[in-house]
Amino acid sequence: MNGTIETLRVELDERGYDILVGPGLIATAGEHIRPLMRRKQAVVVTDEIVAKAHLKPLTDSLDAAGIAHHSIILPPGEGTKDLAHFGRLVDDVLACNIERGTMLVALGGGVVGDICGFAAATLLRGIDFVQIPTTLLAQVDSSVGGKTAINTAAGKNLLGAFYQPRLVLADSGALATLPRRELLAGYAETVKYGLIADAGFFDWLDGDARKVLELEPAALNRAVITSCRMKAEIVARDERETGDARALLNFGHTFGHALEAETGFGDALLHGEAVALGMVLAFDFAVRMGLCNGQDATRVRRHIEAMDLPTELGAIGLAGKPDALLAHMGKDKKVRDGTITLILPRRIGDAFVTRDAGAQDLRAFLAEAA
Ligand SMILES: NC(=O)c1ccc[n+]([C@@H]2O[C@H](COP(=O)([O-])OP(=O)(O)OC[C@H]3O[C@@H](n4cnc5c(N)ncnc54)[C@H](O)[C@@H]3O)[C@@H](O)[C@H]2O)c1
Ligand SMILES: [Zn+2]
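Nothing here was measured: the structure is a model prediction, and the numbers come from that model.

K.L.:
Can you help me understand the overall build of the chain in this one?
P.N.:
The number of helices and strands found in the chain is 13 helices and 11 strands. Its C-alpha radius of gyration of 20 Å places the chain within 12% of the 21 Å reference for a compact globule of 370 residues. When its C-alpha atoms are laid out on the principal axes, the chain stretches across 60 × 45 × 35 Å. Buried residues in the chain amount to 56% of all 370 residues.

Here you go:
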């Protein structure tokens, strides 16, 4: 699979779609998108940073495919995922004289994908959209599965919709311009798939992660495809997170969400960094509760540490703050009936959902965690 394009199908009946993974997909996007179009009009939504590096090849390919297009360029960063930007975005898209058959194209990371996807879900009660994820996090996670959302004053991702794209184009070449810190943060989500359901994948990452992070084509393709395949399978089983299958994808996220909330959802701690530490905490908590063996937890910690991702609360100034963290965990969307839902490991490659993690146990654990 060196440098070739691979296709995966997300099996969701009439909402099913392909994920293409490999190099050069932005420059050939027009020909991939055109057959799906009911009207040869596209509105590309991106951010300023991604626009500089990747918008021109995309619009050139739309021109080459005979697709009329407009581009809307948002400011970069999580702050863009708010109601004010959403309001301006939908006004700007509507000003392009769109119809139901117009295709929205999200070119960017998870921020662009989430706000553009939510716009697609709601504009004219739903127009088609394509995801062209340009961060590793977006390629292995946010662009697949149809969750779209923006943030409100009450919290993150509280206003959104399940709305599937018509196509995902994950261009590995796009990652060449991604800052290393963003690459590592996305890598944490890749590790997550190994930890929840595929010990063999984790073993491979544990040996070959450097190749992935150096963007060696075959290794990168394998990491992205394996991650997308696992997410696609889970989404196909549980599209709207009504069962436990999709909840497994939240491994490391309940702890991680608390860390992000306490550090202000900003540059101090990126989402993937929070997930990395959240996964370490989930392993350590499981060991403490007698659910998982200590060797696996140590192995996970060492791997995450070796990838320059955070493994200790103290490193981000959150040691000795159990009450603040627990309060955030209690506000997590995954709370049901007052008990905290956690995804915990039995071992590397095997995680399960528990709805009755005791607040006292968690508090004691967080109070002692370094
Ligand atoms: N919908 C879902 O299922 C889902 C899942 C996970 C995360 N998310 C959401 O995703 C968001 C985070 O996504 P993200 O980590 O991709 O962040 P992001 O979109 O903010 O991108 C990170 C930074 O990298 C820049 N960038 C993007 N692609 C680049 C490239 N190829 N070269 C250079 N710079 C580039 C961006 O401009 C931004 O500054 C969060 O809002 C989170 O809630 C959604
Ligand atoms: Zn995540």
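K.L.:
Please explain the coordination of the zinc ion (ligand 2) as it appears in this structure.
P.N.:
A four-donor tetrahedral metal ideally has 109.5 degree angles, and a six-donor octahedral metal ideally has angles of 90 or 180 degrees. At this site the zinc ion (ligand 2) is bound by E189 (OE), H253 (NE2) and H271 (NE2), with donor distances of 2.0 to 2.1 Å. Counting gaps between the donor residues of the zinc ion (ligand 2) yields the pattern E-x63-H-x17-H. Of this pair, E189 sits in helix α6 (residues 180-197) while H253 sits in helix α9 (residues 253-262), and the two are 64 residues apart along the sequence. The exposure class assigned to E189 is buried, which follows from its relative accessible area of 0%. On the accessibility criterion, H253 (11% relative accessible area) is buried.

K.L.:
So what exactly am I meant to see when it comes to the site of ligand 1 here?
P.N.:
Taken together, 25 residues sit near ligand 1, with D47, E78, T134, T135 and T177 positioned nearest. In the environment of ligand 1, a nitrogen atom lies 2.7 Å from a nitrogen or oxygen atom belonging to the side chain of T134. Measuring from a nitrogen atom of ligand 1, one finds a backbone N or O atom of K147 at 2.8 Å. Protein chains shield 89% of the accessible area of ligand 1, which is 860 Å² for the free molecule. Only α2 (48-64), α4 (110-122), α5 (136-142) and β8 (155-162) provide two or more residues apiece to the shell around ligand 1. Classifying every residue of the shell around ligand 1 gives eight nonpolar, eight polar and nine charged.

Reading the values: rules and limits
- Residues numbered from 1 in each chain as written.
- Chains lettered and ligands numbered in written order.
- Predicted model: local features only at pLDDT ≥ 70, side-chain atom pairs only at ≥ 80, totals over all residues.
- Heavy atoms only, no water.
- Helix = DSSP H or I, 4+ residues; strand = E, 2+ residues; numbered from the N terminus.
- Rg over C-alpha atoms; globule rule 2.2 N^0.38 Å.
- Buried < 20%, exposed > 50% of the residue type's maximum accessible area, 1.4 Å probe, protein only.
- Donors = N, O, S within 2.8 Å, 3.2 Å for Na, K, Ca; no water.
- Near = heavy atom within 4 Å.
- Polar contact = N/O pair within 3.5 Å; in protein donor to acceptor, adjacent residues only side chain to side chain.
- Areas by Shrake-Rupley, 256 points an atom, 1.4 Å probe, with all protein chains shown as cover.
- Nonpolar A, V, L, I, M, F, W, Y, C, P; charged D, E, K, R; others polar.

Limitation: the analysis is restricted to geometry and does not speak to function.
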